[in-house]
Amino acid sequence: MEIKLEEEYENLATEWQYQMILLLKEKLKKNGVSDESAKEIIGEFTFDLSMLHDQGEIRVDGKSFNPRICFDDFAGNLIGPDEETNLHEYAFGSISEAFGE
């Protein structure tokens, strides 16, 4: 499998983020959380997860890593970012869209 660094990554990542928001919204609604509370919970979670993705560091076995997501194009390629990512900048806009604002 080849890793391709592509400009289209940002569009793929923001759509992934939006789909994650919709999943969280659905689960919170299913469990009786009001839309107002759900929006706040999802906002905090999405922003923090996006910051981890963009600028975070995790340590495993004494080594540091920056978490990144890649996208499989089903043609033997993984699509990754060609530069630093700014997914956190889209977090609240994606949430507003998910709540019809």
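Residues numbered from 1 in each chain as written. Predicted model: local features only at pLDDT ≥ 70, side-chain atom pairs only at ≥ 80, totals over all residues. Heavy atoms only, no water.

Participant: For unusual backbone geometry, give the residues involved together with the corresponding values.
Facilitator: For aspartate 61, which is not a glycine, the phi torsion comes out positive at approximately 50°. With respect to the element layout, aspartate 61 can be found in the loop between β2 (58–60) and β3 (63–65). The backbone phi angle of phenylalanine 74 is positive, close to 60°, even though this residue is not glycine. Note on phenylalanine 74: relative accessible area 78%, which makes it exposed. (Helix = DSSP H or I, 4+ residues; strand = E, 2+ residues; numbered from the N terminus. Buried < 20%, exposed > 50% of the residue type's maximum accessible area, 1.4 Å probe, protein only.)

Participant: Explain the packing of helix α2 (residues 35–55) against helix α3 (residues 91–98) to me, using residue names and the numbers behind them.
Facilitator: Packing of α2 against α3 leaves a shortest axis separation of 9 Å and a crossing angle of 145°. Taken as a pair, α2 and α3 cross one another with a handedness that is right-handed. Along the contact surface, α2 presents Lys39, Ile42, Gly43, Thr46, Phe47 and Ser50, while α3 presents Ala91, Phe92, Ile95 and Ser96. Residues that form the contact of α2 with α3 fall into these classes: five nonpolar, four polar and one charged. (Axes fitted to C-alpha atoms, helices over the stretch in contact; angles between N-to-C directions. Left-handed = near helix turned anticlockwise from the far one by under 90°. Contact = heavy atoms within 4.5 Å. Nonpolar A, V, L, I, M, F, W, Y, C, P; charged D, E, K, R; others polar.)

Participant: Go over the nonpolar core with me, naming the residues and quoting the values.
Facilitator: Tyr18, Ile21, Leu28, Ala38, Ile42, Ile95, Ala98 and Phe99 together form the largest nonpolar core, which totals eight residues. Of all the elements in the fold, those that place two or more residues in this core are α1 (9–30), α2 and α3. Counting residues per element, this core draws most heavily on α1, which supplies three residues. Beyond its immediate chain neighbours, meaning those up to four positions away, isoleucine 95 contacts Ile21, Lys39, Ile42, Gly43 and Thr46. Counting residues in each nonpolar core, the second largest holds five residues, with Tyr9, Ala13, Phe71 and Leu87 among its members. (Core = buried A, V, L, I, M, F, W, Y, C linked by side-chain atoms within 4.5 Å.)

Participant: Now, about the pattern of salt bridges: what can you tell me, with residues and values included?
Facilitator: Here the structure, examined in full by the defined rule, presents two salt bridges. Residues glutamate 26 and lysine 27 are paired through a salt bridge, measuring 3.1 Å at the closest nitrogen-oxygen approach. Taking relative accessible area as the criterion, lysine 27 reaches 41% and is therefore assigned partly exposed. One salt bridge in this structure joins lysine 39 and glutamate 101, with 2.3 Å as the shortest N-O distance. One end of the pair, lysine 39, is in helix α2; the other, glutamate 101, is in the segment after α3, and 62 residues separate them in sequence. With a relative accessible area of 59%, glutamate 101 lands in the exposed category. (Salt bridge = Lys/Arg side-chain N within 4 Å of Asp/Glu carboxyl O.)

Participant: Before we move on, could you go through the side chain of serine 94 and cite the residues and values that matter?
Facilitator: Its place among the elements puts serine 94 in helix α3. By relative accessible area, serine 94 is classed as buried at 9%. Within the structure, the side chain of serine 94 is placed 3.1 Å from the side chain of glutamine 17, a separation counted as a polar contact. In contact with serine 94, other than residues within four places in its own chain, are Gln17, Tyr18 and Ile21. (Polar contact = N/O pair within 3.5 Å; in protein donor to acceptor, adjacent residues only side chain to side chain.)

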